[in-house]
Amino acid sequence: GINAEYGEAVVSTQSTGSFKNHEMDPFLLKKIPKDTVSRLEEFALYLRESKKERRSYVSVVKTVNVFRDLICTADWVTARELIKIIKCYCKYLPLSQSNETDVSNVVRRILKIIREENAGPEATNLADGISAFFKSDMKPSNLGRSDLQDNILNSIVELLVELDTSKSNIINMALEHIHSNERILTYGHSNTIRDFLLHGRRARDFEVIVCESGPSLQGHRMAAELSAGGIKTTVIADSAAFAIIHAVNKVIIGTHTIMADGALRAANGVHQLAMAAKYFSVPVIVCAALYKLSPTHLCSYDPDAFNKVIGPENMLSFSNAKLHSKVLISNPDFDYVPSDLIELFITNTGGHAPSYLYRIISELYHPDDYDLDNMCVETVDDEL
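The following refers to the structure shown. (Residues numbered from 1 in each chain as written. Predicted model: local features only at pLDDT ≥ 70, side-chain atom pairs only at ≥ 80, totals over all residues. Heavy atoms only, no water.)

Details of the environment of L111
Then comes step 1: Topologically, L111 is positioned in helix α6 (residues 101-119).
Then comes step 2: Not counting the four nearest positions on each side in its chain, L111 is found in contact with I83, I86, K87, D369 and L372. (Helix = DSSP H or I, 4+ residues; strand = E, 2+ residues; numbered from the N terminus. Contact = heavy atoms within 4.5 Å.)

Some points on the nonpolar core
Then comes step 1: In this structure, F67, I71, I86, F196 and L197 are the most contacted members of the largest nonpolar core, which totals 65 residues.
Then comes step 2: For this core, the leading source of residues is helix α8 (residues 145-171), giving nine residues.
Then comes step 3: Among residues more than four places away in sequence, those in contact with I71 are W76, L82, I86, I110, I114, R145, Q149, I152, L153 and I156. (Core = buried A, V, L, I, M, F, W, Y, C linked by side-chain atoms within 4.5 Å. Buried < 20%, exposed > 50% of the residue type's maximum accessible area, 1.4 Å probe, protein only.)

A closer look at the packing of aromatic side chains
Then comes step 1: One pass over the full model with this rule turns up five aromatic pairs.
Then comes step 2: Ring-pair connections join several aromatic residues into one group, and the members of that group are F242, Y279 and F280.
Then comes step 3: Positioned over the ring face of F334 is R265, at 4.4 Å from the centre of the ring. (Phe/Tyr/Trp six-rings, centres within 6.5 Å; stacked < 30°, edge-to-face > 60°. Lys NZ or Arg CZ within 6 Å of the ring centre and 35° of its normal.)

With respect to a nonpolar patch on the surface
Then comes step 1: On the surface, a nonpolar cluster with roughly 340 Å² of combined accessible area is contributed by F242, Y279 and F280.
Then comes step 2: Within the secondary structure, F280 is located in the loop between α13 (270-279) and β7 (284-287). (Patch = residues over 30% accessible without salt bridge, like charges linked within 9 Å, V, L, I, M, F, W, Y side chains within 5 Å. Areas by Shrake-Rupley, 256 points an atom, 1.4 Å probe, with all protein chains shown as cover. Salt bridge = Lys/Arg side-chain N within 4 Å of Asp/Glu carboxyl O.)

What about the sheet that holds β7?
Then comes step 1: In space, the seven strands of this open sheet follow the order β3-β2-β1-β4-β7-β9-β10, with mixed pairing throughout. The sheet is open, and its two edges are formed by β3 (232-236) and β10 (350-352), each paired on a single side. Within the sheet, the average angular offset between the axes of one strand and its neighbour, ignoring direction, is 25 degrees.
Then comes step 2: Pairing of strand β1 (residues 183-187) with strand β4 (residues 250-253) involves two bridges; the strand directions are parallel. Note that in β4 the partner of I184 across the bridge is K250. (Pairing = 2+ DSSP bridges. Axes fitted to C-alpha atoms, helices over the stretch in contact; angles between N-to-C directions.)

Structural notes on the packing of α6 against α8
Then comes step 1: Where α6 meets α8, the axes come as close as 9 Å, and the angle between the chain directions of the two elements is 140 degrees. When the axes of α6 and α8 are compared, the pair comes out oblique. In the crossing of α6 with α8, the sense of the turn from one axis to the other is right-handed. Between α6 and α8, the residues in contact are R109, I110, I113, I114, E117 and N118 and L148, N151, I152, S155, I156, L159 and E162, respectively.
Then comes step 2: For the contact of α6 with α8, a count of residues per class yields seven nonpolar, three polar and three charged. (Parallel < 35°, antiparallel > 145°, perpendicular 65-115°, else oblique. Left-handed = near helix turned anticlockwise from the far one by under 90°. Nonpolar A, V, L, I, M, F, W, Y, C, P; charged D, E, K, R; others polar.)

Here's the deal with the pattern of salt bridges
Then comes step 1: Applying the stated criterion across every chain, the model contains 15 salt bridges.
Then comes step 2: Between R39 and D69 there is a salt bridge, with its nearest N and O atoms 2.6 Å apart. Taken together, the residues span a long stretch of sequence, with R39 in helix α3 (residues 34-48) and D69 in helix α4 (residues 56-73) at a distance of 30 residues.
Then comes step 3: Among the residues examined, R39 registers a relative accessible area of 35% and is labelled partly exposed.
Then comes step 4: The exposure class assigned to D69 is partly exposed, which follows from its relative accessible area of 22%.
Then comes step 5: Its salt-bridge partner being E116, residue K112 comes within 3.6 Å of it at the nearest N-O pair. Pair noted here: K112 and E116 are both in helix α6, with a separation of four residues, about one helical turn.

Concerning the environment of G254
Then comes step 1: Note on placement: G254 falls in the loop between β4 and β5 (257-258).
Then comes step 2: Separated by 16 residues in sequence, G254 and V270 place their C-alpha atoms 9.7 Å apart.
Then comes step 3: When neighbours within four sequence positions are excluded, G254 is seen to be in contact with S190, I193 and C287.

Side note on unusual backbone geometry
With the exception of glycine, the majority of residues adopt a negative phi angle, and the majority of peptide bonds are in the trans configuration.
Then comes step 1: The omega angle of the peptide bond from G214 to P215 is 5 degrees, so this bond is cis rather than trans.
Then comes step 2: In this structure, P215 sits in the loop between β2 (207-211) and α11 (218-228).
Then comes step 3: Although it is not a glycine, N181 sits at a positive phi angle of roughly 65 degrees.
Then comes step 4: For N181, the position within the fold is in the loop between α9 (174-177) and β1.
Then comes step 5: The phi angle at S213 is positive, at roughly 65 degrees, despite the residue not being glycine.
Then comes step 6: Locating S213 in the fold gives a position in the loop between β2 and α11.
Then comes step 7: With a relative accessible area of 8%, S213 lands in the buried category.

Written as structure tokens, this is what we have:
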């Protein structure tokens, strides 16, 4: 029974928000060439595929390239019209279903770039900049389509460079936070944390303890890679974290998403680890690129939208049908970790306290673009 229900859930998720021509907004069909529509459809299908091992960096770079292609090929004249085209297309992307917060964040970055390039250098004045920041409407730019597009594309190239160097900037700060003879605790597997620790190993001798991250047991993979890099590594069960955390110097973890208030949407099991660290006054450090910083919060009225419940087969095999009929298995993919359990965020722009993230969000995103799932597409009929 559970197997059948889980299969139905997968089918319904993949069928929602399909990107077919007859379902598209007529405005969008008129503005996008047919060959671009097919590429946009491929991208929507890419997001709909549930690939747990898909790297977030690959997804965000693919997102930037898709929207750069959309900007170049779509029929638009003003920045306001271009923003409407992008937002109309975003309605067909399964952003909430695929839990791709990284993709949503990059889309917001592109929308902010369009607004800034449309405002021009005169918006650098402090008073004008604050006024423009809180205005949802945009004045037409003095630049023509060609010049405005060139400026937008140049800024997108800079965004791609930032994405490309984000990981290296994070791992280069390892020696500032890792000291000799320390004992560091981490959780599960993360490419960024692995490279961060391996970079620190070049000049420091320290020990790493890895929580195995059940039921996926990705911590075993992490331990093998760290051990191969010359780091003394020990794997422990998740339940043993409280017993051993008093003996560690710091906790260094990765995350899926950084919320607007500094909370985390992290791997299932990180919350209990962070609570144990708080109890023993052990600092928790989070390494993540800024494209994982989201302007959204956890909504108390809709906690299910925050998480993703995956199939129970990695906890209890479906071959055991008799036991499945007697139990209800909940296997959430993520944990919510409050910001008061986090000591420091290490990003590609440096170290930041959780209380400072609101300032970074105001620099990266525009308030009108915070909610991509339930956004209102601005009316542009009067300006076209």
